[in-house]
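Now for the letters of each chain:
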Amino acid sequence: MTRIKFEKRFARVDNLPTLSIVSNNIIQITQNPKSSALEVGRAISQDQALVSRILRMANSTFYGFPSKITTIAHAVVILGFANIRNLVLTASVLDMFASKGENGYFDREEFWKHSLACGVTSKLIAKRLGVKNLEEAFLWGLLHDLGKLVLDTHFSEEFAEVVRLVRKKEILIKDAEQEVLGLDHTEVGGIVADKWNLPSALIKAIRFHHDPTRAHESMRVAATVHLADVFCRALDMGNGGDGKIPCINEEPWKLLNFNKLTIKKVFFEMMKELEANQTKEINIYKRAHKRKPAIRPKLQSRLNGIDKSMRKTSL
Amino acid sequence: MSGKWPFIRGGMGMEIINTDNAREGMVITEDVLNEKGNVLIKKGVALTEYLIGKLKSLGISGVCVENAGEDDRSEEDDRGEDLPPDVSEKLIALEYKFSAVRNNPIMEELLAATKEYITEKGSSDDTD
């Protein structure tokens, strides 16, 4: 498929994911400095499923807020607008792409493990850089592969072809995407993130995590996720759909100033943070949402044609 | 030695076998090295199905194993303690993963750090 052809289809597709009205509303309110905590709380309470997810995530160890948060009012006051907005965004994205389970030619469980590990690693790298809002850095890593979820959910036939090519040629998934679609998950994720008006740092993390120099003033953000992704691949933390490792670019490498010793130090920190909590945390992130739109049966029928051996993600 | 990769040497009490004929449980008697001279499998490690598969996927055509019926392990081991098999497997998988990005100094540093991490972690897990 040529790039132009796919881009046209991509632009035309009317079932591209959209944020819910409630989420959109919350994002608007939290961006307005004149809003009150009461207004934010009221907006979140419109969606009880969102309430429980936000509370679960706010109490998750990876966010690392010190005390237990039990009500939305408490959450808004303790966490602040920016963090609430991040939690709403994360919850919305996760709900939209709830676990696929048995259809996994693209293994969602491994994918979430990789995303989670990237979130934790981004946070650790950002901490070394002196970034203030580490929860946001967690989000950069957690959602950096948004484009893969969009492709897997909305262009499943094409994405199945991508995964097939990855295994046949033993190449990186982004290269296979370029070959099959003419664009890769960073572009797809960037387009969707842009459409949702996500925070600009997060858009840059999604769009440029394979090529941080193009993020210009947000290069530190993109470089953080770039390195986090490669570190997680080196240590086999989850799997984003391929078995190889991309090259670290020279400029971000110099910017972040790593060497063998500091890499090892971060590796030990990653393992410490992930080993203790991964199983519990992964359930928060991958759990299927009860109100999922009925896209699954369609996907299943498309998948039936795929060779069984292709469904298992190896390496 | 011809200088052809993989670098393996034959010796007393051992034989070089084709990787296709390798079987689970066979004990490696000479370190298997990659083209850079890094150790992929240390001598003394017993082959597993996973390791054999990895050797094949890396294009390593032959390995030195103990001769059947002969016990020649008295040979002095000057490389210190053997690595646990799961650590060896991880190191092999790592070589495969990095195979397309060799010759890049940044990636070589990352690979070296990762290998050290896996080896150190492997031995600390052992003592736990």
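What counts and what doesn't
- Residues numbered from 1 in each chain as written.
- Chains lettered and ligands numbered in written order.
- Predicted model: local features only at pLDDT ≥ 70, side-chain atom pairs only at ≥ 80, totals over all residues.
- Heavy atoms only, no water.
- Contact = heavy atoms within 4.5 Å.
- Buried area = accessible area lost by both parts, 1.4 Å probe.
- Salt bridge = Lys/Arg side-chain N within 4 Å of Asp/Glu carboxyl O.
- Polar contact = N/O pair within 3.5 Å; in protein donor to acceptor, adjacent residues only side chain to side chain.
- Helix = DSSP H or I, 4+ residues; strand = E, 2+ residues; numbered from the N terminus.
- Nonpolar A, V, L, I, M, F, W, Y, C, P; charged D, E, K, R; others polar.
- Axes fitted to C-alpha atoms, helices over the stretch in contact; angles between N-to-C directions.
- Parallel < 35°, antiparallel > 145°, perpendicular 65-115°, else oblique.
- Phe/Tyr/Trp six-rings, centres within 6.5 Å; stacked < 30°, edge-to-face > 60°.
- Buried < 20%, exposed > 50% of the residue type's maximum accessible area, 1.4 Å probe, protein only.
- Lys NZ or Arg CZ within 6 Å of the ring centre and 35° of its normal.

A. Focus on the interface of chain A and chain B. Taken together, the 25 residues of chain A in the interface contact 19 residues of chain B. Between chain A and chain B, roughly 2,100 Å² of surface is buried when both sides are summed, and carbon and sulfur atoms account for 68% of that area. Between the two partners, chain A and chain B, sit 5 salt bridges. When the shortest N-O distance is used, the salt bridge between B:Lys121 and A:Glu275 registers 3.4 Å. Summed over the shared surface of chain A and chain B, the result is 10 residue pairs in polar contact (both at pLDDT 80 or more). Looking at the side of chain A that touches chain B, the elements that each hand over two or more residues are α13 (219-234), α14 (250-256) and α15 (260-286) of chain A. It is α15(A) that contributes the most residues to the side of chain A that touches chain B, 7 residues altogether. Taken together, the residues of the side of chain A that touches chain B sort by class into 14 nonpolar, 3 polar and 8 charged.

B. Structural context of the packing of helix α4 (residues 48-58) of chain A against helix α5 (residues 72-96) of chain A. Residues and elements named next belong to chain A. Interhelical geometry of α4 versus α5 gives an angle of 105° and a closest axis separation of 9 Å. Between α4 and α5, the angle falls in the class roughly perpendicular. Taken together, the residues of α5 that come into contact with α4 (itself represented by Leu50, Val51, Arg53, Ile54, Leu55, Met57 and Ala58) are Ile72, Ala75, Leu79, Leu87, Val88, Thr90, Ala91, Leu94 and Asp95. Partitioned by chemical class, the residues of the contact of α4 with α5 number 13 nonpolar, 1 polar and 2 charged.

C. Up close: the packing of aromatic side chains. If you walk through the whole model with that rule in mind, you get 7 aromatic pairs over all chains. Ring geometry for A:Phe267 and B:Tyr117: centres 5.4 Å apart, planes at 70°, overall edge-to-face. Placement of the pair is A:Phe267 in helix α15 and B:Tyr117 in helix α3 (residues 105-127), with the two residues belonging to separate chains. Take A:Phe267: its relative accessible area is 0%, and that puts it in the buried class. Plain terms: the ring middles of A:Phe268 and B:Tyr117 are 4.7 Å apart, the flat faces sit at 70° to each other, and that makes the pair edge-to-face. With A:Phe268 in helix α15 and B:Tyr117 in helix α3, the pair connects residues from two separate chains. An aromatic cluster is defined as three or more aromatic residues linked by ring pairs; in this entry it consists of A:Phe231, A:Phe258, A:Phe267, A:Phe268 and B:Tyr117. The ring of A:Phe258 carries the charged tip of A:Arg128 above its face, separated from the ring centre by 4.2 Å.

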